[in-house]
Amino acid sequence: MQALMQDRPLTIPHIFHRAERNFHDKRIVTTTLRGEVSNTFGEWSARVRRLATVLDELGIPQEAKVATFAWNTQSHLELYFGVPCTGRVLHTLNIRLFADQVAYIVEHAEDDVIFVDRSLLPMLWPLADRLSTVRYFVVIDDGADAEIPDDPRIRDYEELLAAAEPFRGRFEVHDENAAAAMCYTSGTTGNPKGVVYSHRSTVLHSLVSLTVDAVGLSERDTILPVVPMFHVNAWGLPYAAVFAGSSIVFPGPAMKPDALLGMLERHRVTSTAGVPTIWMGMLPMLGDHDLSSLRVVVGGGSAIPPALSEGWREAIGIPITQAWGMTETSPLASAATPRSHHEGLDAESLVRVRATQGQAVPLVELRIVDLDTGREQPWDGATPGELQAAGPWIASAYYGDEGTDAFTEDGWLRTGDVATMDEHGFVSLVDRTKDLVKSGGEWISSVELENAIMADSRVSEAAVIAKPDPTWTERPVACVVVEQGARLTEQEVYDHLRERVAKWWLPDEVWFVDELPKTSTGKFSKKTLREQLLGGA
């Protein structure tokens, strides 16, 4: 027996039309190099309609890849909708990658056109002649004074919009499984890999972001997505915010802690999200700002140290809510919001709950599998295994790459993370498989050791890597950044750790460094640290 429901595709045009009609008076604020600019959803949607015409007049084919090289701005949000609503594929390029990686990604994706902020043009233009598939570079004037080359491939975004007639009627995408957007992984091991998101996966991912036990966005919220729009589509938050009708504050290039705190305070932001390094930079300044409007601060991209989350809770009354995911999971897969079975826990136990990666969000399934035997492991909160994921917004393959071992025979994504799961499905990451330290046949979790080191208030940042050892195979080395104005010795690090970890977990060496190298998405670059270590640096 078949159901008697209407068969309507789940596509991004629905999100656009809903916002255009229902939330036309809500506001979008963007910080530019000339100051803040504020527009309504109604004004934004009119520009999206003009952009649709521009894409046609530039001769961009259906299903072509339209790349962006841009900050978090309203103009970028226009592309987020104008491109997929007209049947093209949005491809957000990571502005923090090395030039060779950017060139590789553009060529691999076969991008047809790149929309680039003027302030970022000096980074991109030297690659122009290497990007054989790119016909146009459309420059978005963000107030920078960067020179614009006299070249027939250059177009001006505002001039194109002003000359275009707005598209009339409804945007239609009939196949919900058609590609809507794509992002590339950061390429920490080998070349970056392309992940392609569908209209259906984007709509479902956005819907779940609105649920209370995930991000819980609503029309009453004002959200500031600190996480870049090139980083897994800002974790899907731009789509979710427009879906909900939330007001949006975009930071543009103003990514310093003091500037971000000013925006949070000035615009009475209720929800924000970013990587741990962002929240670390803000922590010393929290007492200087009125952040009473905040109801949720989401952290992701890498594990949130308990000391950081508790530092926020002590300063403003709310901890950082940890979410977990990756490019291949769109990215939201789990969230560490306390549940009813956590009621009555003491303060120390709640800290441990908030330090987990939480429970799988609706429609996502997670399991842990033994690294050696491939058998599914019990949910006992103690037995580790590789974390694997399945669901309607989880990748099934990489773009243009059929031969990969990242997916199991039964279709699950192998995340590369090692984790435990408790009886309620709360995930606790042990480590990345490549970052585990195997000493004397036993595993040492670099994440747990880092968190223990960062529990010392004198430590700003810490990363643990493995050093080859002739006796034990590998031994841990700790790389430590000391808080400004503080003093710390190697012996004091050991004294601090002895009460917190097993004796054989103690690092063989402690390096004190001025800063830790970061990846393009703000994570600690252990690959770089390992290269420095093995190179004798």
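The rules we used
- Residues numbered from 1 in each chain as written.
- Predicted model: local features only at pLDDT ≥ 70, side-chain atom pairs only at ≥ 80, totals over all residues.
- Heavy atoms only, no water.
- Axes fitted to C-alpha atoms, helices over the stretch in contact; angles between N-to-C directions.
- Helix = DSSP H or I, 4+ residues; strand = E, 2+ residues; numbered from the N terminus.
- Parallel < 35°, antiparallel > 145°, perpendicular 65-115°, else oblique.
- Left-handed = near helix turned anticlockwise from the far one by under 90°.
- Contact = heavy atoms within 4.5 Å.
- Pairing = 2+ DSSP bridges.
- Domains from an automatic or database assignment.
- Phe/Tyr/Trp six-rings, centres within 6.5 Å; stacked < 30°, edge-to-face > 60°.
- Buried < 20%, exposed > 50% of the residue type's maximum accessible area, 1.4 Å probe, protein only.
- Core = buried A, V, L, I, M, F, W, Y, C linked by side-chain atoms within 4.5 Å.
- Nonpolar A, V, L, I, M, F, W, Y, C, P; charged D, E, K, R; others polar.

Asker: Tell me about the packing of helix H1 (residues 12–22) against helix H3 (residues 74–85), and please be specific about residues and values.
Answerer: In a pair of packed helices, the angle between the axes and the distance between the axes together describe the arrangement. H3 packs onto H1 with a crossing angle of 130 degrees between their chain directions and a minimal axis gap of 9 Å. Judged by the inter-axis angle, H1 sits oblique to H3. The handedness of the crossing between H1 and H3 is left-handed. Taken together, the residues of H3 that come into contact with H1 (itself represented by Ile12, Pro13, Ile15 and Phe16) are Phe81, Pro84 and Cys85.

Asker: Provide a residue-level description of the sheet that holds strand E13 (residues 296–299), including the pertinent values.
Answerer: The nine strands lie next to each other as E2-E1-E11-E10-E12-E13-E14-E15-E16, forming an open sheet whose pairing is mixed. Strands at the two margins of the open sheet, each flanked by one partner only, are strand E2 (35–40) and strand E16 (359–360). Pairing of strand E10 (residues 222–225) with strand E11 (residues 247–250), which is carried by two bridges, proceeds in the parallel orientation. When the sheet's bridge partners are listed, Thr222 is paired in E11 with Ser247.

Asker: Account for the sheet that holds strand E17 (residues 365–369), with residues named and values stated.
Answerer: Pairing in this open sheet of four strands is antiparallel, and the strands run E17-E18-E19-E20 from one edge to the other. Either end of the sheet is taken by a strand with one partner, and the two such strands are E17 and strand E20 (427–432). Averaged over all pairs of adjacent strands, the angle between strand axes in this sheet comes to 45 degrees, irrespective of strand direction. The pairing of E17 with strand E18 (residues 385–390) spans five bridges and is antiparallel. Within E18, the residue paired with Arg367 across the bridge is Gln388.

Asker: Any details on the domain arrangement of the chain? Residues and values, ideally.
Answerer: Here the chain is described as being made up of domain 1 (12–26 + 40–201), domain 2 (365–432) and domain 3 (437–534). Centre-to-centre separation of domain 2 and domain 3, based on C-alpha positions: 26 Å.

Asker: Can you tell me about the packing of aromatic side chains, naming the residues and giving the values?
Answerer: A complete count under the given rule lists 12 aromatic pairs for this structure. Between Trp504 and Trp505 the ring centres are 6.2 Å apart and the planes differ by 85 degrees, which places this aromatic pair in the edge-to-face class. Classification of Trp505 by relative accessible area gives buried; the value is 12%. Each residue in the set Phe16, Phe41, Trp44, Tyr80, Phe81, Phe167, Phe171 and Tyr239 is aromatic and connected to the rest through ring pairs, giving one cluster.

Asker: Go over the nonpolar core with me, naming the residues and quoting the values.
Answerer: Of all hydrophobic cores here, the largest spans 141 residues; its most connected members are Leu77, Phe81 and Phe115. Beyond its immediate chain neighbours, meaning those up to four positions away, Phe115 contacts Leu51, Leu55, Val66, Ala67, Thr68, Phe69, Leu79, Val138, Ile140 and Tyr157. Leu124, Leu127, Ile154 and Tyr184 belong to the second-largest nonpolar core, a separate cluster that totals 27 residues.

Asker: Account for the side chain of Arg118, with residues named and values stated.
Answerer: Note that Arg118 resides in the loop between strand E5 (111–117) and helix H5 (121–124). For Arg118, a relative accessible area of 19% puts it in the buried group. Apart from the residues within four sequence positions on either side, Arg118 is in contact with Val139, Ile140, Asp141, Asp142, Ala144, Asp145, Ala146 and Ile148.

Asker: Pulling in residues and values, what's your account of the side chain of Thr11?
Answerer: Along the chain, Thr11 falls in the segment before H1. For Thr11, the contacting residues outside a window of four places in its chain are Val173, Glu176, His199 and Val203.

Asker: Any details on the packing of helix H7 (residues 199–209) against helix H9 (residues 237–244)? Residues and values, ideally.
Answerer: Here H7 crosses H9 at 70 degrees, and the two axes come no closer than 9 Å. Classed by the angle they form, the pair H7 and H9 counts as roughly perpendicular. Where H7 crosses over H9, the two elements pack in a sense that is right-handed. Taking contact as the criterion, the partners of Thr202, Val203, Ser206, Leu207 and Ser209 in H7 are, on H9, Tyr239, Ala240 and Phe243. Here the residues of the contact of H7 with H9 are counted per class, giving five nonpolar, three polar and no charged.

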